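Report on the structure
Each chain, letter by letter, is given below.
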Amino acid sequence: MNARIENGVWIRVADLDAASRFYREVLQLPPPVMECQDCCVFLLEEQGFKLVLEHSGAEYLEHAGTANSWIVSCPDIDGVEKRLSKFGIELFRNMNSFGDCRYHRACDPEGNPFIICECAE
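Right, let's walk through the structure included here. (Residues numbered from 1 in each chain as written. Predicted model: local features only at pLDDT ≥ 70, side-chain atom pairs only at ≥ 80, totals over all residues. Heavy atoms only, no water.)

1. With respect to the environment of L91
Of note, L91 is situated in the loop between α2 (77-86) and β6 (97-98). Its relative accessible area of 7% is what places L91 among the buried residues. For the pair L91 and H104, spaced 13 residues apart in sequence, the C-alpha to C-alpha distance is 6.5 Å. The residues contacting L91, other than those within four sequence positions of it, are I77, E81, L84, H104, R105, A106 and I116. (Helix = DSSP H or I, 4+ residues; strand = E, 2+ residues; numbered from the N terminus. Buried < 20%, exposed > 50% of the residue type's maximum accessible area, 1.4 Å probe, protein only. Contact = heavy atoms within 4.5 Å.)

2. Describing the state of the cysteines
Within the structure shown, the criterion is met by 1 disulfide. Looking at C74, it has no disulfide partner, and the nearest cysteine sulfur is the one in C117, 7.3 Å off. (Disulfide = S-S within 2.5 Å.)

3. Quick notes on the sheet that holds strand β3 (residues 39-44)
Pairing is mixed in the open sheet, where 4 strands are placed in the order β1-β4-β3-β2. The outermost strands of the open sheet, each flanked by one partner alone, are β1 (8-13) and β2 (34-35). Relative to β3, β2 runs antiparallel, the two sharing 2 bridges. Counterpart to E35 in the pairing with β3 is C40. (Pairing = 2+ DSSP bridges.)

4. Here we look at the pattern of salt bridges
Under the counting rule described, the total for this entry stands at 3 salt bridges. With a shortest N-O distance of 3.4 Å, E54 and R12 are connected by a salt bridge. Of this pair, E54 sits in strand β4 (residues 49-55) while R12 is found in strand β1, placing the two residues 42 residues apart along the sequence. In this structure R12 comes out as partly exposed when scored by relative accessible area, which is 22%. Beyond isolated ion pairs, a larger network of salt bridges with shared partners links D78, R102 and E118. (Salt bridge = Lys/Arg side-chain N within 4 Å of Asp/Glu carboxyl O.)

5. A word on the packing of aromatic side chains
With the rule as written, the count across this model stands at 1 aromatic pair. Here F22 and Y23 contribute two aromatic rings whose centre-to-centre distance is 5.1 Å and whose plane-to-plane angle is 90°, an arrangement assigned as edge-to-face. The residues F22 and Y23 share a single accessibility class, namely buried. (Phe/Tyr/Trp six-rings, centres within 6.5 Å; stacked < 30°, edge-to-face > 60°.)

6. Details of the nonpolar core
Ranked by internal contacts, the top residues of the largest apolar core, which has 26 residues, are Y23, L84 and I116. For this core, the secondary structure elements donating two or more residues are β1, α1 (16-26), β3, β4, α2 and β8 (113-119). If one sorts the elements of this core by residue count, α1 sits on top with 5 residues. Apart from residues lying up to four places away in sequence, L84 is in contact with F22, V26, L27, I89, L91, A106 and F114. (Core = buried A, V, L, I, M, F, W, Y, C linked by side-chain atoms within 4.5 Å.)

Shown next as structure tokens:
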């Protein structure tokens, strides 16, 4: 058997359209590679990473929930904070820096947590 673990995160959301817009417009992910009534899939090919937004009301789900935190790496954390602020999203600056990297926590409009990371190059 040649099984492999997919590198990605599944986040369950109540409003799939609004969540998809947030991740495209605010976090500036590329256009989704797949969209249907129950999910929206973003593929970040450079990292080999997949983000799946899944409607929490989908009939095949046994329960609604959210994913654990995941990390978005960016070259300008202050620029991301300004974009998040325009959409009413607060960046929590209570996380420590490790080495040359700064980490701050935020939540999408449905309360799903994620971490913004900026590392010196």
